[in-house]
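Observations on the model geometry
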Amino acid sequence: MRAVRLTQVGKALEEAEVDLPEIGGSDVLIRVAASGICHSDEHYRAGISRIDRLPVTLGHEIAGWIEKVGGDIKHVTRGDRVCVHYLAHCGSCEFCIRGVEQFCRTGEMIGKHRDGGYAAFVKVPGKNAFVLPDEISFASGAIMMCSSATALHALNKARLKPGESIAIFGFGGLGFSTLQLARALECDQIYVVEINPAKLASAKLFEAVPIDATKGNPVEQIAHATNGKGVDVSLQLIGSAKTMRHAVQCLAVLGRAALVGLTAESMSIFPYTELINKEVEIIGVSDHLAAELPTLIEFARSGKLDFPPDALRFVDLDAEQINASLHAFQNSIDHVRTVIRVASDV
Ligand SMILES: [Zn+2]
Ligand SMILES: [Zn+2]
């Protein structure tokens, strides 16, 4: 079968003809329909995020049809439409038992530690295949399993309740999903903090209050917009110490700041005035959980989470086209997502 693989860090991905994977009793074989190209894939290619075992077929945002089913797997049959939870986990270590499998002792990411979806077929543990309702396109089904799933996890970690206000720092792919999911969770006012005029305009189009960080301190702007109260929840998706600090400072009494964006910088806060005195919480967010995916899929099925056609771009399962998309991440500012259309009949 055809696959597009990372063979050497720092080099372009290469097309290869590889054997069809053999499945075990607890696995399924998926005929890939759509595979999302993620910013992390560019980090793997460039060596920013380390991969030890090469070559590997990238692609962790996967949707397709069940082709073969291992003997132990009962919830799907051949021909079912499915999307994939990308974290293969043991199910028996202390973290898996507690339901926080993103910390699994032997967890492996599909499309990083084992072959992923930049291929005609992919083998995944059966429990990682979730039925994809007909209302959800394969492209949406693929891309929502990464950034949208993480956005939902962040909102869950921040314990966003109906009627609460939220500030979203950064309006890329994650921010776009966060806005829709926050609304699906029946939040009140949404503030989107950005510096990019196109993204601020897009946030306004989605009926959020745009906060232009180039026009003054966003904390003061949020305070002004909330009559001095601040927001109940803030989600920091950018990965800079300065915006993390803003995400904490803009909170109301008992507010929760969920930090998602990565940075190597250290952040500083004044513990008494900014944390203790208001009993605010700073919460780290890593990945997402299998248990959260049925809710995510239901939000997408009911149209509460939606990827408008102009937010998607398609390429073929072709090394040249995929490499060009990965390259484009280096100076991309839009939130258009690129999806590999693997099967011609999608
Ligand atoms: Zn991803
Ligand atoms: Zn485990």
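Further up the page is the structure itself.
About the criteria used
- Residues numbered from 1 in each chain as written.
- Chains lettered and ligands numbered in written order.
- Predicted model: local features only at pLDDT ≥ 70, side-chain atom pairs only at ≥ 80, totals over all residues.
- Heavy atoms only, no water.
- Donors = N, O, S within 2.8 Å, 3.2 Å for Na, K, Ca; no water.
- Tetrahedral: all angles 85-135°; square planar, octahedral: opposite > 155°, others 65-115°.
- Helix = DSSP H or I, 4+ residues; strand = E, 2+ residues; numbered from the N terminus.
- Axes fitted to C-alpha atoms, helices over the stretch in contact; angles between N-to-C directions.
- Parallel < 35°, antiparallel > 145°, perpendicular 65-115°, else oblique.
- Contact = heavy atoms within 4.5 Å.
- Buried < 20%, exposed > 50% of the residue type's maximum accessible area, 1.4 Å probe, protein only.

What follows deals with the coordination of the zinc ion (ligand 2). Of the protein atoms, only Cys90 (SG), Cys93 (SG), Cys96 (SG) and Cys104 (SG) coordinate the zinc ion (ligand 2), at distances of 2.3 to 2.4 Å. Each of the four donor atoms bound to the zinc ion (ligand 2) contributes to angles spanning 104 to 116°, and the resulting shape is tetrahedral. The sequence motif formed by the donor residues of the zinc ion (ligand 2) is C-x2-C-x2-C-x7-C. Residue Cys90 is found in the loop between β7 (87-88) and α2 (94-97), and its partner Cys104 is found in the loop between α2 and β8 (108-109); the two are separated by 14 residues along the sequence.

What follows is about the packing of helix α1 (residues 39-46) against helix α10 (residues 319-328). Where α1 meets α10, the axes come as close as 9 Å, and the angle between the chain directions of the two elements is 95°. Taken together, the axes of α1 and α10 lie roughly perpendicular to each other. Counted together, Asp41, Glu42 and Arg45 of α1 and Asn323, Leu326 and His327 of α10 form the full contact between these two elements.

What follows is about unusual backbone geometry. Residues Leu54 and Pro55 are joined by a peptide bond in cis, for which omega reads 0°. Its place among the elements puts Pro55 in the loop between α1 and β4 (56-57). At Leu254, a position not held by glycine, the phi torsion is positive, near 65°. Here Leu254 shows up in strand β15 (residues 251-259). Phi at Glu279 takes a positive value of approximately 50°, unusual for a residue other than glycine. Assignment of secondary structure puts Glu279 in the loop between α8 (271-275) and β16 (281-284). When its relative accessible area of 55% is taken as the criterion, Glu279 is described as exposed.

In short, geometric facts, not functional conclusions.
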